[in-house]
Amino acid sequence: QQQVKQSPQSLIVQKGGISIINCAYENTAFDYFPWYQQFPGKGPALLIAIRPDVSEKKEGRFTISFNKSAKQFSLHIMDSQPGDSATYFCAASPGSGNTGKLIFGQGTTLQVKP
Amino acid sequence: DSGVTQTPKHLITATGQRVTLRCSPRSGDLSVYWYQQSLDQGLQFLIQYYNGEERAKGNILERFSAQQFPDLHSELNLSSLELGDSALYFCASSPRETLYGYTFGSGTRLTVV
């Protein structure tokens, strides 16, 4: 119940295309859903996040779509660029008490071809 | 630079040994979190400290322990090391005990041989 399932494991997209990564969760107590971007040799960096009272959030080329009833959320990267090539992680916060614990998906390696 | 400093960046040690990983949070952050990243398990939450006190615990092995000192830096101690402990260990910090302003360091790569 504490898991976050992420797909696909890897993704290859042409420059200018749309990259879509999906995540699903079981625990309805999760109340915060961030996406992280990680480059080789670096720590994860927060990209965009959403709370369950909102169905969509957009920041530049990055959009989170959230479906509370299906317990699914996804990251869309519009006009994908070679510089977007990285590993992307979805995550969820259990929302239990005063803790910043995050449950991460397994990650998606994105390659954007020029 | 995220402001979260982890040392050392790389560590190679033998099975059965003990190591200490260090994390200095961003200035003003009171919470420190430790995560383990391995190829097969992904990013796994280990433990959180807030202002010197343990706040949350994940699937941290009994061979592992952590503490947060009065100057707010934290140390993760790994003992009786096994080959399977080889991983990237990340520290993150935030101003309070929750997720606001969560920032990761660049990690310590531990290799157990």
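Worth saying up front: this structure is predicted, and the values here are computed from it rather than measured.

1. Overview of the interface of chain B and chain A
Reports of interface size often rely on the accessible area that becomes lost once the parts have come together. Counting from both sides, the interface comprises 20 residues of chain B and, opposite them, 16 residues of chain A. At the boundary of chain B with chain A, total buried surface from both sides reaches about 1,500 Å², with 58% on carbon and sulfur atoms. Contact with chain A buries surface across chain B, with Leu 43, Leu 99 and Phe 104 of chain B losing the most and accounting together for 38% of the total. At the boundary of chain B and chain A, one finds zero salt bridges. The interface formed by chain B and chain A contains four residue pairs in polar contact (both at pLDDT 80 or more). Breaking the side of chain B that touches chain A down by element, the ones donating at least two residues are β4 (31-38), β5 (42-50) and β6 (53-57) of chain B. Here the element with the most residues in the side of chain B that touches chain A is β5 of chain B; it accounts for four residues. A class-by-class count of the residues in the side of chain B that touches chain A yields nine nonpolar, seven polar and four charged.

2. Examining the state of the cysteines
Within this structure, the stated rule accounts for two disulfides over all chains. Sulfur-sulfur distance for the disulfide between Cys 23 of chain A and Cys 90 of chain A comes to 1.9 Å. On the sign convention where negative means left-handed, the S-S torsion of about -95° between Cys 23 of chain A and Cys 90 of chain A marks this disulfide as left-handed. Taken as a pair, Cys 23 of chain A in strand β3 (residues 19-25) and Cys 90 of chain A in strand β9 (residues 86-92) lie far apart in primary sequence, 67 residues in all. Residue Cys 23 of chain A is classed as buried on the basis of its relative accessible area, which comes to 3%. Disulfide partner of Cys 23 of chain B: Cys 91 of chain B, at an S-S distance of 1.8 Å. Taking the sign of the S-S torsion, -55° for the link of Cys 23 of chain B and Cys 91 of chain B, the bridge is left-handed.

3. With respect to the nonpolar core
Counting 25 residues, the largest nonpolar core has Val 4, Phe 33, Trp 35, Phe 73, Leu 75 and Tyr 88 of chain A as the members making the most contacts within it. Of all the secondary-structure elements, those providing two or more residues to this core are β2 (10-14), β3, β4 (33-38), β5 (45-50), β7 (62-67), β8 (72-77), β9 and β11 (108-113) of chain A. In terms of residue count, β9 of chain A provides more of this core than any other element does, four residues in total. Counting 20 residues, the second-largest nonpolar core is a separate cluster that includes Ile 60, Leu 78, Ala 87 and Tyr 89 of chain B.

Basis of the calculations
Residues numbered from 1 in each chain as written. Chains lettered and ligands numbered in written order. Predicted model: local features only at pLDDT ≥ 70, side-chain atom pairs only at ≥ 80, totals over all residues. Heavy atoms only, no water. Contact = heavy atoms within 4.5 Å. Buried area = accessible area lost by both parts, 1.4 Å probe. Salt bridge = Lys/Arg side-chain N within 4 Å of Asp/Glu carboxyl O. Polar contact = N/O pair within 3.5 Å; in protein donor to acceptor, adjacent residues only side chain to side chain. Helix = DSSP H or I, 4+ residues; strand = E, 2+ residues; numbered from the N terminus. Nonpolar A, V, L, I, M, F, W, Y, C, P; charged D, E, K, R; others polar. Disulfide = S-S within 2.5 Å. Buried < 20%, exposed > 50% of the residue type's maximum accessible area, 1.4 Å probe, protein only. Core = buried A, V, L, I, M, F, W, Y, C linked by side-chain atoms within 4.5 Å.

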